[in-house]
Amino acid sequence: MATTPLIPHAPSRFLAEQALSRAAGAPLIGGNAVGLLIDAQAHYDAWLAAIRGARQRILLENYMIGDDAVGRAFRDALVERARSGVMVAVVYDWLGCLGQSGHAFWQPLRRAGGEARVFNPPQLGKPFGWITRDHRKLLVVDGDLGFLSGVCISARWLGDERRGVPPWRDTGVSLRGPAVTELEQAFAQSWASLGKPLALPERQVGTAGNIALRVIATQPATAGMYRLDQQVAAMARRTLWITDAYFVGMAPYVQALASAARDGVDVRLLVPGTSDVPLVASLSRSGYRPLLKAGIRVFEWNGSMLHAKTAVADGQWARVGSSNLNIASWLGNREIDVAVEDTGFAGLLEEQYERDLANATEIVLAPRRHRPYIERVKSSTERPPRPKHPGGSSSRAAAGALRIANTVGAALTDRRVLGDTARGPLLAGIAVLALLAAVALAWPRVVSWPIAVLAAWFALNLAIRVWRLRKRSE
């Protein structure tokens, strides 16, 4: 398959490479081997095999690790390795594991000699600290083999065969070569932010292949992945195919995509049709119209949940990792992604993208006649039933309502018509504000007491912050 390179030939290639390196804050690293992992079962098999074969150290960093069959299988494998003398270090996110697993879940590992640290639990003196999360999904074994992905360690990703719920659609990679050292350093930074630093041996990792890539380990407010996404949208010449689980595009990025589409680039966006966080899905839909007007093709996945975060441009450049296209991932979280510059790997991701589109519904604009109207969300196939305990902050009722709306039809065209999707969130906002106003007028204390509690909470935290700053300056 002939492709037009994303990065032009010298001398402009040097400038393009320099621009990408500076945008991402990550150098191009050659000599790597990269494997593509599709869906959770492939991930879990590869991850557990690597853990069970570890001889020196295991570094695991994951946003969500559930106390279920999958989570316990990983914990037990880590415990066995720790008892054998392998160094085991785990970082898990407090909010991601809230209601999934906690301190007691990791007690067997601690007793076996391993260590597990929780990222950013609630702390006095940090009233807005909860905003920053560790959203990475990272595993490094013996400094030789690394993995990064969008997959959490939870049975939810495997679906529910008894209830006809298929596995979640997700993507990740395995890495060998010099880039694995970058993964270890990224983990070490997270580990050091939570306590005593990690002592990693200094050694050179030999080449394992001929693939060049960048490891983008973002931290809050660094925006490396955001800058790189913007840069690639500006540089794509032929195609830019994007998959995202929680797309809420910021205006500058939407404008970059629109500019590429107007310039003749085949820009496609694949998002979930049924999300585990319906609020984010509604926000995403409200932004379809400017994308479609610019010529960007938008597709909704017809499966249980699309959780992958990938992009592929011009059959040359590909991105896989944990970052979603929204402000939380770009500016608020710890994330980790890999940007691969290789036609072979990009070709694999393009082939997977085309397979995914076979199970997706394209969104089109509604024709305007005398007045705009709202068309119900329709899909080409019936959405599968949702898991009994959905993730994120979604409610069962909201997920059910969205699923019912998404099963109406478009069986003949594999398309659904998009009406004025911005009306839905606006009408919901009007209803909420009107209800709040009515409650405030009828029962003032119902509104005033929560405000008073929040004000007292922030005052206490700010006072503690001031006291700590004063102690440091003494």
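The present account deals with the structure reproduced in this document.

Definitions and limits used
- Residues numbered from 1 in each chain as written.
- Predicted model: local features only at pLDDT ≥ 70, side-chain atom pairs only at ≥ 80, totals over all residues.
- Heavy atoms only, no water.
- Helix = DSSP H or I, 4+ residues; strand = E, 2+ residues; numbered from the N terminus.
- Expected span 1.5 Å × (residues − 1).
- Buried < 20%, exposed > 50% of the residue type's maximum accessible area, 1.4 Å probe, protein only.
- Polar contact = N/O pair within 3.5 Å; in protein donor to acceptor, adjacent residues only side chain to side chain.
- Salt bridge = Lys/Arg side-chain N within 4 Å of Asp/Glu carboxyl O.
- 1 Å grid on protein atoms, 1.4 Å probe; cavity = no way out; pocket = protein on both sides within 12 Å on 5 of 7 lines; lining within 4 Å.
- Points joined across faces, edges and corners; volume = space filled by probe spheres on them.
- Patch = residues over 30% accessible without salt bridge, like charges linked within 9 Å, V, L, I, M, F, W, Y side chains within 5 Å.
- Areas by Shrake-Rupley, 256 points an atom, 1.4 Å probe, with all protein chains shown as cover.
- Lys, Arg positive; Asp, Glu negative; His and termini not counted.
- Charge placed at Lys NZ, Arg CZ, Asp CG, Glu CD.
- Axes fitted to C-alpha atoms, helices over the stretch in contact; angles between N-to-C directions.
- Parallel < 35°, antiparallel > 145°, perpendicular 65-115°, else oblique.
- Left-handed = near helix turned anticlockwise from the far one by under 90°.
- Contact = heavy atoms within 4.5 Å.
- Nonpolar A, V, L, I, M, F, W, Y, C, P; charged D, E, K, R; others polar.
- Pairing = 2+ DSSP bridges.
- Phe/Tyr/Trp six-rings, centres within 6.5 Å; stacked < 30°, edge-to-face > 60°.
- Lys NZ or Arg CZ within 6 Å of the ring centre and 35° of its normal.

Remarks on helix α3 (residues 69-83)
No. 1: Here α3 is 15 residues long and its end C-alpha atoms lie 21 Å apart, about the 21 Å a rise of 1.5 Å per residue gives.
No. 2: Among the residues of α3, Val70, Gly71, Phe74, Arg75, Ala77, Leu78, Val79, Arg81 and Ala82 are the ones counted as buried.
No. 3: The N-capping residue of α3, defined by a side-chain oxygen 3.1 Å from the backbone nitrogen of valine 70, is aspartate 68.
No. 4: In the segment just after α3, glycine 85 is the residue with positive phi, at about 95 degrees.

Examining the pattern of salt bridges
No. 1: Under the definition given, this model contains 17 salt bridges.
No. 2: With a shortest N-O distance of 3.0 Å, arginine 133 and aspartate 93 are connected by a salt bridge. Note that arginine 133 is positioned in the loop between β4 (115-119) and β5 (137-141) and aspartate 93 in strand β3 (residues 87-93), a separation of 40 residues in sequence. The pair formed by arginine 133 and aspartate 93 is uniform in burial state, with each residue classed as buried.
No. 3: Each member of the salt-bridge network shares a partner with another, and the members are Asp39, Arg169 and Asp356.

Description of empty space enclosed by the protein
No. 1: Per the counting criterion, the structure on display carries four cavities of 30 Å³ or more.
No. 2: The calculated volume of the largest cavity comes to roughly 70 Å³.
No. 3: Looking at the largest cavity, the residues that line it are Ala245, Tyr246, Phe247, Val271, Pro272, Ser275, Val280, Ala281, Ser284, Arg285, Tyr288 and Glu300.
No. 4: Mapped onto the lining of the largest cavity, the elements with two or more residues apiece are β10 (266-272) and α8 (278-286).
No. 5: Among the elements that line the lining of the largest cavity, the one with the most residues is α8, at four residues.

A word on a positive patch on the surface
No. 1: On the surface, Lys126, Arg465, Arg468 and Arg472 cluster together to form a positively charged patch.
No. 2: Look at arginine 468 and you get partly exposed, because its relative accessible area is 33%.

Considering the packing of helix α2 (residues 39-52) against α3
No. 1: Contact pair α2 / α3: the axes reach a minimum separation of 9 Å and the direction vectors enclose 15 degrees. Considering their axes alone, α2 and α3 lie roughly parallel with respect to each other. Every pair of crossing elements has a handedness; the one defined by α2 and α3 is left-handed. Where α2 abuts α3, its residues Tyr44, Trp47, Leu48, Ile51 and Arg52 lie against Val70, Ala73, Phe74, Ala77, Leu78 and Arg81.
No. 2: Class assignment for the residues of the contact of α2 with α3 results in nine nonpolar, no polar and two charged.

With respect to the pairing of strand β6 (residues 145-149)
No. 1: Burial analysis of β6 places five of its five residues in the buried class, which makes it a mostly covered element.
No. 2: Burial along β6 is two-sided: the residues Leu145, Phe147 and Ser149 and Gly146 and Leu148 are all buried.
No. 3: Turn length for the β5-β6 hairpin, with the two strands adjacent in sequence and antiparallel, is three residues, and the turn residue aspartate 142 shows positive phi of about 60 degrees.
No. 4: Bridge analysis of β6 against strand β7 (residues 171-176) gives five bridges, and the strand direction is antiparallel.

Points about the packing of aromatic side chains
No. 1: In total, this model carries 10 aromatic pairs according to the counting rule given.
No. 2: On the basis of an interplanar angle of 70 degrees and a centroid distance of 5.2 Å, the ring pair of tyrosine 253 and tryptophan 330 is categorised as edge-to-face. Highlighted residues: tyrosine 253 in helix α7 (residues 251-262) and tryptophan 330 in helix α10 (residues 327-332), separated in sequence by 77 residues.
No. 3: Judged by its relative accessible area of 3%, tyrosine 253 is buried.
No. 4: On the accessibility criterion, tryptophan 330 (1% relative accessible area) is buried.
No. 5: Its guanidinium or amino end placed over the ring of phenylalanine 105, arginine 75 lies 4.7 Å from that ring's centre, counting from NZ or CZ.

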